[in-house]
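An overview of the molecular structure
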Amino acid sequence: MAKIYLLNNQKFPEVENLEVFKVQSLKIDIDLKPYNALIFTSKSAIFALEDNKLDWKNIPSYLIAPATSKVAELLGVNIVFTGSSGHGNDFAQELIPHLKNKKTLYVRAKKTVSNLPNILRENSIDVDELISYETVCNKNLKEIELEDNSTIIFTSPSSIECFFKKFSWNSSFKAIVIGKTTATYLPKEIKNYKISSSTNVKECVALALLDFN
């Protein structure tokens, strides 16, 4: 069986991790008292609030997907709503009826790919944004020779950017991509790829383990 490389640190049987990027929580100084709704599109944003030891868990939280919600649940967060689409712009549409007349804070990455806050504002939702973490390429990653016919699992636009700073694409490779938005960041020469049916790393791995053909 050819190698499967997952470009983050989540562990799965039969999959080799290739940590091309690192997530870093940023120092946050904010008064959360005015807010009665928090939006999360990533578990990294949850960890960033925890790393800053903020008092936030009782504020009603709105999470993009079950995988993110599960992390919040383990921390005892006040979960009010979990989205089903897993895509930022679609999640924004799901949120609109829930956030009317609420003072909302979107806890996000330094770089984002969705138009979520603008969609909410266009629908008269009062939303502020808090940059809580950033993704940086892993400078300490050792360069290795990737086997022919390998499958590469891209879990974010950052994973694509950082992968191609270290590695070149072999025409024998196959790609699994976590979502439609991330797929738009693939170089045009990559033709042999599939998009996961849900924005879930476990689903990506399951797809990679199937016969690609």
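For the structure, check the block above.
Bear in mind that the values here come from a model prediction, so they are computed numbers and not experimental data.

**Notes on helix α1 (residues 43-51)**
- Those residues of α1 that fall on the buried side of the exposure criterion are S44, A45, I46, A48 and L49.
- Contact partners of the buried residues in α1: β3 (21-25), β4 (37-40), β5 (61-63), α2 (66-74), β7 (103-109) and β8 (126-137).
- With a side-chain oxygen lying 3.0 Å from the backbone nitrogen of S44, the N-terminal cap of α1 falls on S42.
- Once α1 finishes, K53 follows within two positions and takes phi at roughly 55°, a positive value.

**Considerations on the environment of N200**
- Residue placement: N200 occurs in the loop between β11 (193-195) and α7 (201-209).
- Along the sequence, N200 and I178 sit 22 residues apart, while their C-alpha atoms lie 6.6 Å from each other.
- If sequence neighbours within four positions are ignored, N200 has contacts with A67 and I178.
- Separated by 2.8 Å, the side chain of N200 and the backbone nitrogen of K202 make a polar contact.

**Remarks on the packing of aromatic side chains**
- Inspection of the entire model under this criterion finds nine aromatic pairs.
- Aromatic pair F40 and W56: ring centres 5.3 Å apart, planes at 55°, arrangement tilted. Here the residue F40 occupies a position in strand β4, and W56 occupies one in the loop between α1 and β5, the gap between them amounting to 16 residues.
- Assessed through its relative accessible area of 0%, F40 is described here as buried.
- By way of ring pairs, the aromatic residues F154, F163, F164, F167, W169 and F173 are connected into one cluster.

Conventions adopted
- For every chain, the first residue of the written sequence is number 1, and numbering continues from 1 along that sequence.
- Note on the predicted model: pLDDT of at least 70 is required for a residue's local features to be given, and 80 or more for side-chain atom pairs to be given and counted; whole-chain, interface and lining totals, by contrast, use all residues.
- By convention in this description, side-chain values take in all heavy atoms of the structure and omit both hydrogens and water.
- When a residue's accessible area, from a 1.4 Å probe over protein chains only, is under 20% of the maximum for its type it is buried; when over 50% it is exposed; and in between it is partly exposed.
- The helix count covers DSSP runs of H or I at least four residues long, the strand count covers runs of E at least two residues long, and both are numbered beginning at the N terminus.
- In what follows, residue pairs with any heavy atoms lying within 4.5 Å of each other are defined as contacts.
- Whenever two N or O atoms come within 3.5 Å, that pair is a polar contact, provided that in protein one can donate a hydrogen and the other can accept it, and provided that, for residues adjacent in sequence, both atoms are side-chain atoms.
- Note on aromatic pairs: the rings of Phe, Tyr and Trp (six-membered ring only in Trp) are paired at centre separations within 6.5 Å, and the planes decide the class, stacked below 30 degrees, edge-to-face beyond 60, tilted for the rest.

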